[in-house]
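Each chain is listed here by its residues.
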Amino acid sequence: DQQVKQNSPSLSVQEGRISILNCDYTNSMFDYFLWYKKYPAEGPTFLISISSIKDKNEDGRFTVFLNKSAKHLSLHIVPSQPGDSAVYFCAASFNFGNEKLTFGTGTRLTIIP
Amino acid sequence: GAGVSQSPSNKVTEKGKDVELRCDPISGHTALYWYRQSLGQGLEFLIYFQGNSAPDKSGLPSDRFSAERTGGSVSTLTIQRTQQEDSAVYLCASRKGRTVHEQYFGPGTRLTVT
């Protein structure tokens, strides 16, 4: 049972445009959501996160939006840069227990120069 | 400061052999996790250590898998009698404390069972 889903395995965006990566989840008990970026042969790198009490969090070119009623979150990158080309993972955790991360399967973002 | 380190970076082993994978977390991080990523899959939780508490082993796929964390720091993941389906990238992550959700990952160990 995939509790965190990233339905788009890949996305291509022109440099300078906005990249929008989507993530859906099924467990309404998730309290915290994170985005990770992964380059080949490296571990995932933490990018940005959002608590379930918020609907938006912004950090530079990166903004995460959370729609709890739809159980949907998205990551916006603007403007997109070639260095943003990577696999992006959405993850969710609980505020209790072991706070393990439940990951989506990832979206490969390619920025076209 | 130093990030999470893992060794070896690559391991090729024959089916049926035992392997040990090592993780050095970020200094001062009390929580340590093991995940694995099989080809084309997301990251799958394996085991979690928090301070001196008993580890959460709920993600271990079989009793061939075990892990320990010595002195609250270094951790070793052991896979006995490896099978081809164990081939994956094994990732270790550490987290500063219970009020912080962000986990920081090492580069992973790519395990190939032939």
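Please read all numbers here as calculations on a predicted model, not as lab measurements. (Residues numbered from 1 in each chain as written. Chains lettered and ligands numbered in written order. Predicted model: local features only at pLDDT ≥ 70, side-chain atom pairs only at ≥ 80, totals over all residues. Heavy atoms only, no water.)

> Could you clarify how one ought to interpret unusual backbone geometry in this entry?
A negative phi angle characterises most non-glycine residues, just as the trans form characterises most peptide bonds. Note the cis peptide between valine 78 of chain A and proline 79 of chain A, where omega equals -10°. With an omega dihedral of -10°, the bond running from serine 7 of chain B to proline 8 of chain B counts as a cis peptide bond. Tracing the backbone shows proline 8 of chain B in the loop between strand E1 (5-7) and strand E2 (10-13). Even without being a glycine, lysine 71 of chain A presents a positive backbone phi close to 50°. (Helix = DSSP H or I, 4+ residues; strand = E, 2+ residues; numbered from the N terminus.)

> Even after reading the chapter, I still don't get the side chain of glutamine 103 of chain B, so can you show me in this structure?
Examined against the element boundaries, glutamine 103 of chain B turns out to sit in the loop between strand E8 (88-95) and strand E9 (104-105). At 2.9 Å, the side chain of glutamine 103 of chain B and the side chain of tyrosine 35 of chain B are in polar contact. When neighbours within four sequence positions are excluded, glutamine 103 of chain B is seen to be in contact with Tyr36, Phe46, Glu99, Lys100 and Leu101 of chain A together with Tyr33, Tyr35, Ala93, Ser94 and Arg95 of chain B. (Polar contact = N/O pair within 3.5 Å; in protein donor to acceptor, adjacent residues only side chain to side chain. Contact = heavy atoms within 4.5 Å.)

> Help me understand the nonpolar core, please; the structure alone is not making it clear to me.
If you look at the biggest cluster of nonpolar residues, it comprises 24 residues, and the most contacted ones within it are Phe33, Trp35, Leu73, Leu75 and Tyr88 of chain A. Counting only elements with at least two residues in this core, the list comes to strand E3 (19-25), strand E4 (32-38), strand E5 (45-51), strand E7 (62-67), strand E8 (72-77), strand E9 (86-93) and strand E11 (107-112) of chain A. In contact with leucine 75 of chain A, not counting residues within four places along its chain, are Ser19, Ile20, Leu21, Trp35, Leu47, Ile48, Phe62, Thr63 and Tyr88 of chain A. One finds Leu21, Leu60, Phe65 and Val113 of chain B within the second-largest nonpolar core, a separate group that totals 20 residues. (Core = buried A, V, L, I, M, F, W, Y, C linked by side-chain atoms within 4.5 Å. Buried < 20%, exposed > 50% of the residue type's maximum accessible area, 1.4 Å probe, protein only.)

> Just to check I follow, could you spell out the packing of aromatic side chains for this structure?
The geometry of two aromatic rings is summed up by the distance between their centres and the angle between their planes. With the rule as written, the count across this model stands at 15 aromatic pairs over all chains. Relative to phenylalanine 33 of chain A, the ring of phenylalanine 30 of chain A has its centre 6.3 Å away and its plane inclined at 75°; by these criteria the two rings are edge-to-face. Ring centres 5.6 Å apart and planes at 90° place the aromatic pair phenylalanine 103 of chain A and tyrosine 35 of chain B in the edge-to-face group. A residue pair is termed interchain when its members come from two chains, as with phenylalanine 103 of chain A in strand E10 (residues 102-103) and tyrosine 35 of chain B in strand E4 (residues 31-37). Within the aromatic cluster, the residues linked to one another by ring pairs are Tyr36, Phe46, Phe89 and Phe103 of chain A together with Tyr33, Tyr35, Phe45, Tyr48, Tyr104 and Phe105 of chain B. (Phe/Tyr/Trp six-rings, centres within 6.5 Å; stacked < 30°, edge-to-face > 60°.)

> Where do I start with the sheet that holds strand E3 (residues 19-24) of chain B in this structure?
Hydrogen bonding along the main chain pairs the strands of a sheet, whether they run parallel or antiparallel. Residue and element names in this part refer to chain B. The antiparallel open sheet is built from four strands, whose spatial order is E1-E3-E7-E6. In the strand order of this sheet, the two ends are held by E1 and strand E6 (65-69), each with one partner. Adjacent strand axes in the sheet meet at a mean angle of 15°, parallel and antiparallel pairs treated alike. Alignment of E3 against strand E7 (residues 75-79), held across five bridges, turns out to be antiparallel. (Pairing = 2+ DSSP bridges. Axes fitted to C-alpha atoms, helices over the stretch in contact; angles between N-to-C directions.)

> Looking at this model, I keep getting lost on the pattern of salt bridges. Mind explaining?
For side chains of opposite charge, pairing can occur when their charged atoms come near one another. Under the defined criterion, the tally for this structure stands at five salt bridges over all chains. Aspartate 84 of chain A is the partner of arginine 61 of chain A in a salt bridge, and the nearest nitrogen-oxygen pair spans 2.8 Å. Remark: aspartate 84 of chain A occurs in the loop between E8 and E9 and arginine 61 of chain A occurs in the loop between strand E6 (56-59) and E7; sequence separation between them is 23 residues. A salt bridge links arginine 22 of chain B to aspartate 24 of chain B; the nearest nitrogen and oxygen atoms lie 2.8 Å apart. (Salt bridge = Lys/Arg side-chain N within 4 Å of Asp/Glu carboxyl O.)

> Honestly, the interface of chain B and chain A in this entry has me stumped. Any pointers?
A common way to report how large an interface is uses the accessible area buried once the components associate. At the junction of the two partners, chain B supplies 18 residues and chain A supplies 22 residues. Here chain B packs against chain A, burying approximately 1,600 Å² in sum over the two surfaces, 57% of which is carbon and sulfur. Summed over the three residues of chain B that lose the most area to chain A, namely Leu43, His101 and Glu102 of chain B, the buried surface amounts to 36% of that side. Seen at the junction of chain B and chain A, the total is zero salt bridges. Listing elements by their share of the side of chain B that touches chain A, those giving two or more residues are E4, strand E5 (43-50), E8 and E9 of chain B. Its residues placed into classes, the side of chain B that touches chain A shows nine nonpolar, five polar and four charged. (Buried area = accessible area lost by both parts, 1.4 Å probe. Nonpolar A, V, L, I, M, F, W, Y, C, P; charged D, E, K, R; others polar.)

> What's the story with the state of the cysteines in this structure? I'm lost.
Residue and element names in this part refer to chain A. Taken as a whole, this structure holds two disulfides over all chains when the rule is applied. The disulfide that involves cysteine 23 links it to cysteine 90, with 2.0 Å between the sulfurs. Residues cysteine 23 and cysteine 90 are joined by a disulfide whose S-S torsion is about -70°; by sign, that bridge is left-handed. Of this pair, cysteine 23 sits in strand E3 while cysteine 90 is found in strand E9, placing the two residues 67 residues apart along the sequence. (Disulfide = S-S within 2.5 Å.)

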